[in-house]
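Listed below, chain by chain, are the residues.
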Amino acid sequence: MKGVFYEVLLAPDFEAGVIDALASRAKLRVLRIPDLYKRVEQPDIRTVSGGVLLQTPNHPISYDDKAVLSEWKVVSKKQPTEAQMSDLLFAWRVSKHIKSNAIVVASGKELLGMGAGQPNRVQSIRLALKHAGDRGKGSVLASDAFMPFADNIEIASQGGVAAVVQPGGSIRDSEVIEAADKYGIALVF
C-alpha cells in the first residue's frame, strides 16, 4: 500500500495488528463490516421523476474464486496464465462497481485505468488505456458487458492488453474470438 493513496478500506474483519499498522495513514478510514458480503433481499429504492423505482438488488460478485472460475470459459486459442486469471478476477470484480460501458485495465491486482459512461465501448477502452499509459503493456482488461465488435479487441491489443474477460453474448462473438486469436490475446467469457 506504500505510495498509493487510499481513502477508505473496508473488510469483514482484519487480522491482529492490521488496524494499528494502518493508523499511521492519517486520512485513511478503516471500516469493519462483518456482513460485507451478505446478500440483502430487501429491494433497492430509487427516486425517479414523478415516483419511485423498486428493483432487485444487484448482489455482490462472488469472492469464491473457484466458483467464479468454474463459470468462466476460455474461448481463444491462447490460454491466460495463472497470474492473468488472478488479475482478470480482480478486474471483473472492479468492473461491477463502475457505471455504463465499464472497462477496467489492471495488472498485479492494481487498477491501472478505467473507462465508463461513454457512448460506446470503444471510447471506454481508449479512456482506460489512456489512463493506464505504458503500464498497460501486458495488462488485462475486463468489460462489464459483451464486446459487440472485433474492434474492441483490436484497440485493446494496440494498448498492450494480454487477456480479456467479458460475458459474451453478442451476435458477433465469433468475430471477437477471431480477433483475439489474431492478436494473441487470451479471451475469457
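Residues numbered from 1 in each chain as written. Predicted model: local features only at pLDDT ≥ 70, side-chain atom pairs only at ≥ 80, totals over all residues. Heavy atoms only, no water.

### Re the overall build of the chain
Broken down by element type, the chain carries six helices and nine strands. Projected onto the principal axes, the alpha-carbon positions of the chain cover approximately 50 × 50 × 30 Å. Taking all 189 residues of the chain together, 37% fall into the buried category. Considering only residue pairs separated by 6 or more positions, the chain has 41% of its internal contacts joining residues 24 or more positions apart. Just so you have it, the chain exposes about 11,600 Å², and 53% of that area is on carbon and sulfur atoms. (Helix = DSSP H or I, 4+ residues; strand = E, 2+ residues; numbered from the N terminus. Buried < 20%, exposed > 50% of the residue type's maximum accessible area, 1.4 Å probe, protein only. Contact = heavy atoms within 4.5 Å. Areas by Shrake-Rupley, 256 points an atom, 1.4 Å probe, with all protein chains shown as cover.)

### Here's the deal with the pattern of salt bridges
Scanning the entire structure with this criterion turns up four salt bridges. We note a salt bridge from Asp 13 to Arg 32, for which the minimum N-O separation is 3.1 Å. A residue pair is termed long-range when its members are at least 10 positions apart, and Asp 13 in the loop between β1 (8–11) and α1 (18–22) and Arg 32 in strand β2 (residues 29–32) qualify at 19 residues. Owing to a relative accessible area of 54%, Asp 13 belongs among the exposed residues under this scheme. For Arg 32, a relative accessible area of 48% translates into the label partly exposed. The residue Arg 121 makes a salt bridge to Asp 144 at a minimum N-O spacing of 3.0 Å. Of this pair, Arg 121 sits in helix α4 (residues 121–132) while Asp 144 sits in the loop between β7 (140–143) and α5 (151–158), and the two are 23 residues apart along the sequence. A relative accessible area of 8% places Arg 121 in the buried class. (Salt bridge = Lys/Arg side-chain N within 4 Å of Asp/Glu carboxyl O.)

### Concerning α5
Listing the buried residues of α5 in full gives Asn 152, Ile 153, Ile 155 and Ala 156. One side of α5 holds all its buried residues, which, seen down the axis, span an arc of 160 degrees. For α5, the elements touching its buried residues are α4, β7, β8 (163–165), α6 (173–183) and β9 (186–188). Immediately downstream of α5, the backbone of Gly 160 shows phi near 90 degrees, a positive value. (Arc of directions from axis to C-beta.)

### Digging into the pairing of strand β4 (residues 51–55)
Note on strand geometry: in a regular strand, side chains alternate between the two faces of the sheet. Across five bridges, the pairing between strand β3 (residues 44–48) and β4 is antiparallel. If you follow Val 48 over to β4, its bridge partner there is Gly 51. The hairpin turn running from β3 into β4, its antiparallel successor, is two residues long, and Gly 50 in that turn takes a positive phi close to 85 degrees. (Pairing = 2+ DSSP bridges.)

### Side note on a nonpolar patch on the surface
Together, Val 8, Leu 10, Leu 31 and Ile 33 give the surface a local cluster of nonpolar side chains, amounting to about 290 Å² of exposed area. Relative to the helices and strands, Val 8 resides in strand β1. (Patch = residues over 30% accessible without salt bridge, like charges linked within 9 Å, V, L, I, M, F, W, Y side chains within 5 Å.)

### Here we look at the sheet that holds β8
Spatially, β6-β5-β7-β8-β9 is the arrangement adopted by the five strands of the open sheet, whose pairing is mixed. Each end of this open sheet is capped by a strand with a single partner; those strands are β6 (110–115) and β9. Going across the sheet, the axis of each strand differs from the next one's by a mean of 20 degrees, ignoring polarity. Contacts between α4 and the sheet are confined to β5 (103–107), β6 and β7, with β6 contributing the most and set at about 140 degrees to the helix. (Axes fitted to C-alpha atoms, helices over the stretch in contact; angles between N-to-C directions.)

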